[in-house]
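Residues per chain, in single letters:
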Amino acid sequence: MSVIEVKNLTKDYGNTKALDDISFILEPNKIYGLLGRNGAGKTTLLNFITNKIFPTKGDITIDGDRVFENDKALNTIFYMMEKNLYPEDLKVKEIFKWTKEYYTLFDMEYANNLANKFELNVNKRVKNLSTGYTSIFKAIVAMASNADIIIFDEPVLGLDANHRNMFYKELIANYSENPKTIIISTHLIEEVGAVLEEVIILRDGKLIEKKSVEELLASAYIITGEASKVDEYLKEKNYIGEETIGKFKAVTVLDSIYDKNEALAKELNLDFAKVELQKLFISLTSS
Amino acid sequence: MILNFDSEKPIYIQLSEAMEDDILKGIFEEESQVPSTTEISISFKINPATAGKGINMLVDEGILYKKRGVGMFVSTGAKSKIHQKRKNAFYNNFILSLMDEASKLDISMEEIVNMIERGKRK
């Protein structure tokens, strides 16, 4: 069990606030998505959780223990970084061994099985791996680490559709077998949406949403039809993101899907559609 | 089983309906085993909690039952239970709104029956 608690986390770089007073609690054994545009503060936040940088203000605890300068807390976390920090001259299998030194629960057999499935040659040196295989290699090390908390920063970078599909399936299998807290930071929201239980959305260093995917998707819907009729429907409604093509208009309404005005929509000849996680994300995070 | 990620329906509801459809079609016979939550979540790439929610709905309704340490099975009488449930839904979703619309348009009972007869021949 590992409860992560982030309290009033703030990081200033000169005059800019990379993170601005962020607080939330991550319950154990859930799959979280960390979403935000480039520069929203995702990697900064992950760097805090794994004690790579110090905050200007605020605190992070895991099961009540502060993570700063705390090896015990850090060994419960595995962080698959987007950047490659592994020694480039080492072979994949050497890094498997090396990882086991630090993460004693590292499952060598499972790591080799996964390498087989993904056709990753463990005798290759890290520097000779393609972008896709570098991601696969790092994801395998992370999944085999057996840490209580596994963080993936852009895990499917450079992976083809087939390998992405395999990665998501292996991740769910891993999680089902051994429930743990998983945090996935990614730009490929649509394909990972159904895998996530909750999302954390950052915008300009601020936390703007932390909700279950189901709740988030139920908190907005799309109304479409003839532009002037759509405008009529939108009176006194809170909405974001609109797209117009000729006389046709589609607007994302920020209102529960259970409070749709079906009668009015019918009268105005309008149609409802489900909001997609990706679109909702774009609407919520665009200025 | 097919799940449609573009549908307005939440995935767990789609999952429980798809499972019901497969029971009605006889793909899953009564007293036979159905795929586990893990198998479902892996093959559809959905969160295990979502899959669990869909399956548990059917357990709560007595359509599926758990055998400890073995897995999930279709209950005896599941088919007729689903039939009855769908019939009730048919009444609520179609008949009630049909009567509502008919009264707005001043269509008599006799006309409705005639229309249904006509629809049946098509």
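Residues numbered from 1 in each chain as written. Chains lettered and ligands numbered in written order. Predicted model: local features only at pLDDT ≥ 70, side-chain atom pairs only at ≥ 80, totals over all residues. Heavy atoms only, no water.

Draft legend 1. Focus on the overall build of chain B. Each helix and strand counted, chain B has 5 helices and 3 strands in total. Beginning at the N terminus, the succession of helices and strands in chain B can be written as α-β-α-α-β-β-α-α. Against the globule reference of 14 Å for 122 residues, chain B gives a C-alpha radius of gyration of 18 Å, more extended than a compact globule. Taking the principal axes of its C-alpha atoms as reference, chain B extends roughly 60 × 30 × 25 Å. In chain B, buried positions account for 30% of the 122 residues. Sequence-distant contacts in chain B: of pairs separated by 6 or more residues, those separated by 24 or more amount to 52%. Counting only carbon and sulfur atoms, one obtains 56% of the accessible surface of chain B, whose full area is about 7800 Å². Each charge sign in chain B was given a centre, from 17 positive and 18 negative side chains, and these centres are 4 Å apart. (Helix = DSSP H or I, 4+ residues; strand = E, 2+ residues; numbered from the N terminus. Rg over C-alpha atoms; globule rule 2.2 N^0.38 Å. Buried < 20%, exposed > 50% of the residue type's maximum accessible area, 1.4 Å probe, protein only. Contact = heavy atoms within 4.5 Å. Areas by Shrake-Rupley, 256 points an atom, 1.4 Å probe, with all protein chains shown as cover. Lys, Arg positive; Asp, Glu negative; His and termini not counted. Charge placed at Lys NZ, Arg CZ, Asp CG, Glu CD.)

Draft legend 2. Layout of the overall build of chain A. Looking only at helices and strands, chain A features 11 helices and 14 strands. For chain A, the C-alpha atoms occupy an extent of roughly 65 × 45 × 35 Å along the three principal directions. Buried positions account for 51% of the 287 residues belonging to chain A. In chain A, the proportion of contacts linking residues at least 24 apart, taken out of those at least 6 apart, comes to 68%. Per element, the accessible surface of chain A, about 13700 Å² overall, is 47% carbon and sulfur. Both charge centroids of chain A, one from 36 positive and one from 44 negative side chains, sit 4 Å from each other.

Draft legend 3. Summary view of helix H4 (residues 108-117) of chain A. Residue and element names in this part refer to chain A. If you check which residues of H4 are buried, you get Ala-111, Leu-114 and Ala-115. Within H4, the buried residues cover an arc of 105 degrees as seen down the axis, which keeps them to one side. Counted as exposed and oriented over 90 degrees from the buried face of H4: Glu-109 and Asn-116. In this fold, the buried residues of H4 make contact with helix H3 (92-102), helix H5 (131-144) and helix H6 (161-177). Its side-chain oxygen 3.3 Å from the backbone nitrogen of Glu-109, Asp-107 forms the N-cap of H4. At the C-terminal side of H4, Glu-119 shows a positive phi close to 55 degrees. (Arc of directions from axis to C-beta. Polar contact = N/O pair within 3.5 Å; in protein donor to acceptor, adjacent residues only side chain to side chain.)

Draft legend 4. Quick look at the packing of aromatic side chains. Residues and elements named next belong to chain A. Counted according to the given criterion, the structure contains 11 aromatic pairs over all chains. Relative to Tyr-103, the ring of Phe-78 has its centre 5.0 Å away and its plane inclined at 55 degrees; by these criteria the two rings are tilted. Here the residue Phe-78 occupies a position in strand E6 (residues 77-80), and Tyr-103 occupies one in the loop between H3 and H4, the gap between them amounting to 25 residues. Three or more aromatic residues link up through ring pairs in this structure, and these residues are Tyr-86, Trp-98, Tyr-102 and Phe-137. For Lys-260, the ring lying beneath its charged end belongs to Tyr-221, and the centroid distance is 5.9 Å. Taking the ring centre of Phe-272 as reference, the NZ or CZ of Lys-260 above it sits at 4.9 Å. (Phe/Tyr/Trp six-rings, centres within 6.5 Å; stacked < 30°, edge-to-face > 60°. Lys NZ or Arg CZ within 6 Å of the ring centre and 35° of its normal.)

Draft legend 5. Quick peek at unusual backbone geometry. Residue and element names in this part refer to chain A. Of note in this structure, Asn-29 is not a glycine but carries a positive phi near 60 degrees. Structurally, Asn-29 can be placed in the loop between strand E2 (16-26) and strand E3 (31-36). Using a relative accessible area of 27% as the deciding quantity, one classes Asn-29 as partly exposed. You will see that Asp-63, though not glycine, has its phi angle at about 50 degrees, which is positive.

Draft legend 6. Representation of a nonpolar patch on the surface. Residue and element names in this part refer to chain B. On the surface, Leu-98, Met-99, Met-109 and Val-113 cluster together into a nonpolar patch covering about 340 Å² of accessible area. Counting only elements with at least two residues in the nonpolar patch, the list comes to helix H4 (78-104) and helix H5 (109-121). Along the chain, the position of Met-109 falls in helix H5. (Patch = residues over 30% accessible without salt bridge, like charges linked within 9 Å, V, L, I, M, F, W, Y side chains within 5 Å. Salt bridge = Lys/Arg side-chain N within 4 Å of Asp/Glu carboxyl O.)

Draft legend 7. Structural detail: the confidence of the model for chain B. When the pLDDT values of chain B are averaged, the result is 92; 100% of them are 70 or greater. Reported for the predicted complex are a pTM of 0.86 and an ipTM of 0.82. (pLDDT = per-residue confidence, 0-100.)

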